[in-house]
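# Results of the structural survey
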Amino acid sequence: MTQRIWNFSAGPAVLPESVLEEAGRNLLSLGNSGIGILEHSHRGKAFLAVYEETEALVREVGGVPADYKVLFLQGGASTQFFQIPMNFLTSDRTADYLVTGSWSEKAEEEARRFGITNVACSSQDKNYSYIPSQFSFSEKPAYVHYTSNNTIFGTQWPGLPPVPAGLDLICDASSDIFSRPIDVSKHAMIYAGAQKNLGPSGVTLVLMRNELIERGAKNLPTMLQYRTHAKNDSMYNTPPTFAIYLVGLVLKWIKQGGGLSAIGERNQRKAGKLYAFLDQSKLFKPTAAKESRSLMNVTFVTGDADVDAKFCSAATKAGFDGLKGHRSVGGMRASIYNAFPEAGVDALVDFLKKFEADNTKA
Ligand SMILES: *Cc1c(COP(=O)(O)O)cnc(C)c1O
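Because the structure is a prediction, the values reported are computed rather than measured.

What counts, and at which threshold
Residues numbered from 1 in each chain as written. Predicted model: local features only at pLDDT ≥ 70, side-chain atom pairs only at ≥ 80, totals over all residues. Heavy atoms only, no water. Near = heavy atom within 4 Å. Polar contact = N/O pair within 3.5 Å; in protein donor to acceptor, adjacent residues only side chain to side chain. Areas by Shrake-Rupley, 256 points an atom, 1.4 Å probe, with all protein chains shown as cover. Helix = DSSP H or I, 4+ residues; strand = E, 2+ residues; numbered from the N terminus. Nonpolar A, V, L, I, M, F, W, Y, C, P; charged D, E, K, R; others polar. Axes fitted to C-alpha atoms, helices over the stretch in contact; angles between N-to-C directions. Parallel < 35°, antiparallel > 145°, perpendicular 65-115°, else oblique. Left-handed = near helix turned anticlockwise from the far one by under 90°. Contact = heavy atoms within 4.5 Å. Phe/Tyr/Trp six-rings, centres within 6.5 Å; stacked < 30°, edge-to-face > 60°. Buried < 20%, exposed > 50% of the residue type's maximum accessible area, 1.4 Å probe, protein only. Lys NZ or Arg CZ within 6 Å of the ring centre and 35° of its normal. Core = buried A, V, L, I, M, F, W, Y, C linked by side-chain atoms within 4.5 Å. Pairing = 2+ DSSP bridges. Salt bridge = Lys/Arg side-chain N within 4 Å of Asp/Glu carboxyl O.

## Points about the site of the ligand
- The local shell around the ligand holds 13 residues, among which Ser78, Thr151, Asp172, Gln195 and Lys196 are the closest.
- Take Ser78: an N or O atom from its side chain is 2.6 Å from an oxygen atom of the ligand.
- Taking Thr151, its side chain carries an N or O atom lying 2.4 Å from an oxygen atom of the ligand.
- Protein coverage of the free-state accessible area of the ligand, which is 390 Å², stands at 87%.
- Here the shell around the ligand gets four residues from one element, more than from any other, and that element is helix H3 (residues 76-88).
- Among the residues making up the shell around the ligand, the classes are represented as three nonpolar, eight polar and two charged.

## Here we look at the packing of helix H2 (residues 45-62) against helix H7 (residues 241-256)
- Where H2 meets H7, the closest approach of the two axes is 9 Å, and the angle between their N-to-C directions is 45°. By the angle class used here, H2 and H7 are oblique. The element H2 and its partner H7 pack so that their crossing is left-handed. The residues of H7 that touch H2, namely those facing Phe47, Val50, Tyr51, Glu53, Thr54, Leu57, Val58, Glu60 and Val61, are Thr241, Ile244, Tyr245, Val247, Gly248, Leu251, Lys252, Ile254 and Lys255.
- When its residues are assigned to classes, the contact of H2 with H7 shows eleven nonpolar, three polar and four charged.

## Digging into the packing of aromatic side chains
- Evaluation of the coordinates by the stated rule reveals 21 aromatic pairs.
- Look at Phe311 and Phe351: their rings are 5.7 Å apart centre to centre, the planes differ by 50°, and that puts the pair in the tilted class. Pair noted here: Phe311 is in helix H9 (residues 305-317) and Phe351 is in helix H10 (residues 342-359), with a separation of 40 residues, a long-range link.
- Judged by its relative accessible area of 15%, Phe351 is buried.
- These aromatic residues form a ring-pair network of at least three members: Trp6, Phe8, Phe277, Phe284, Phe300, Phe311, Phe320, Phe340, Phe351 and Phe355.
- The side chain of Lys106 reaches across the aromatic face of Trp103, ending 4.8 Å from its centre.
- The ring of Tyr130 has Lys126 lying over it, and the distance from NZ or CZ to the ring centre is 5.7 Å.

## Description of the packing of H3 against helix H4 (residues 102-111)
- Between H3 and H4, the least distance of the axes is 8 Å, while the angle of their chain directions is 40°. Regarding H3 and H4, the two cross each other, and that crossing is right-handed. Contact residues: Ser78, Phe81, Phe82 and Pro85 in H3; Trp103, Lys106, Ala107, Glu110 and Ala111 in H4.
- Per-class residue counts for the contact of H3 with H4 are six nonpolar, one polar and two charged.

## Quick word on the nonpolar core
- Grouped together as the largest cluster of nonpolar side chains are 48 residues, with contacts concentrated most on Val58, Phe178, Leu205 and Leu251.
- In terms of residue count, the dominant contributor to this core is H7 (nine residues).
- Residues in contact with Phe178, not counting those within four places in the same chain, are Val58, Gly62, Leu198, Leu205, Leu251, Ile254, Leu260, Ile263 and Asn338.
- Judged by nonpolar contacts, the second largest core, of 32 residues, contains Val14, Ala271, Met332 and Phe355.

## So, the sheet that holds strand E5 (residues 143-147)
- Strand order in this open sheet of seven strands is E2-E10-E9-E8-E5-E3-E4, and the pairing throughout is mixed. Both outer strands of the open sheet, strand E2 (68-73) and strand E4 (116-122), are each paired with one neighbouring strand and no more. Direction aside, the axes of adjacent strands within the sheet are offset by 20° on average.
- Relative to strand E10 (residues 204-209), E2 runs antiparallel, the two being bridged by six bridges. Looking at E10, one finds that Leu73 is bridged to Thr204.
- Across the sheet, H2 touches E2 and E10, and the angle it forms with E2 is around 125°.
- Along the sheet, H3 makes contact with E2, strand E3 (94-99), E5, strand E8 (169-172), strand E9 (189-193) and E10, crossing E9 at roughly 150°.

## Some details on the pattern of salt bridges
- Tallied over the full model, the rule gives 18 salt bridges.
- For Asp233, the salt bridge goes to Lys69, with nearest N and O atoms at 2.7 Å. Within this pair, whereas Asp233 is found in the loop between helix H6 (226-231) and H7, its partner Lys69 is found in strand E2, the two being separated by 164 residues in sequence.
- With a closest N to O distance of 3.3 Å, Arg113 and Glu110 form a salt bridge.
- A residue is classified by how much of its surface remains accessible, and Glu110, at 21% relative accessible area, is partly exposed.

Take a look at the structure:
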């Protein structure tokens, strides 16, 4: 088999090897059914068992309360950007957005197509390098939307945003879902495209309070009403069966590894090693404010675009893929989601040290 390399891709991203091996074994026959996982009807017994197990794992691993629905939707997180305001932003209300990066910016822009928004905070003034601490919430917003981890800018909310009690909090958790313990009950809704921390692209996990589902607009196309998917257990139409199956395998892997608190500790340790190196480095420096640093996407620069480019090309040659930063930040970005091995972080730190020694004068 071809040697696997260190994959720092921001998404789709690295998956646990044991998960890929198990999926591979089930391509030709799911268990002893004689039919591969890609080939089973979504209405058949074999896939329904997969579906039920995956849903149960979402509830168990995520600590999802009983009055929340687990939905597996399509269209990515980007579809949620418009589906949420379409359903919940009524003409008598405002929707509050905490704008901490390009993804929250996009979410807020989509909401403006449906009603009035209020940017309750923004860190755009410093190229989204920090999580704000000043807020101006609306009187009675339809909901408050935030992005828990800013994939591009390498910042992450250290905890829940300080939202006034009683408001419906909606979280785009695409790039840090199930990377640490999460209090679902403090949210009206949490959603995440699976392709960063949960599985392959093609499925969006939505956790939604039943009461919110019922409040959604009733005059929308059937597929765009959450109640349609809630009533039909995400099987109103054909769901992304393989992606759901793989999410189930990843959740089993998280559970076997000790659940969210264990994975949270491991993620702290992994990111901690990188930041500890960057903080003392004479060549590289992190771009995010210290108290806002992401444990998932570690962004850093040398301050010289040519040296950044030299580093990225040397890294690629040495078997470290996907380290080039997003164009809006420049420099480098190491995406080290749940499935990224700690050994890969150690290898990167060694490589950074060596590059620094070779590229700084004694
Ligand atoms: C990647 C990402 C998105 C976009 O997800 P799609 O599934 O491609 O639509 C949205 N929000 C965040 C925080 C992301 O990281």
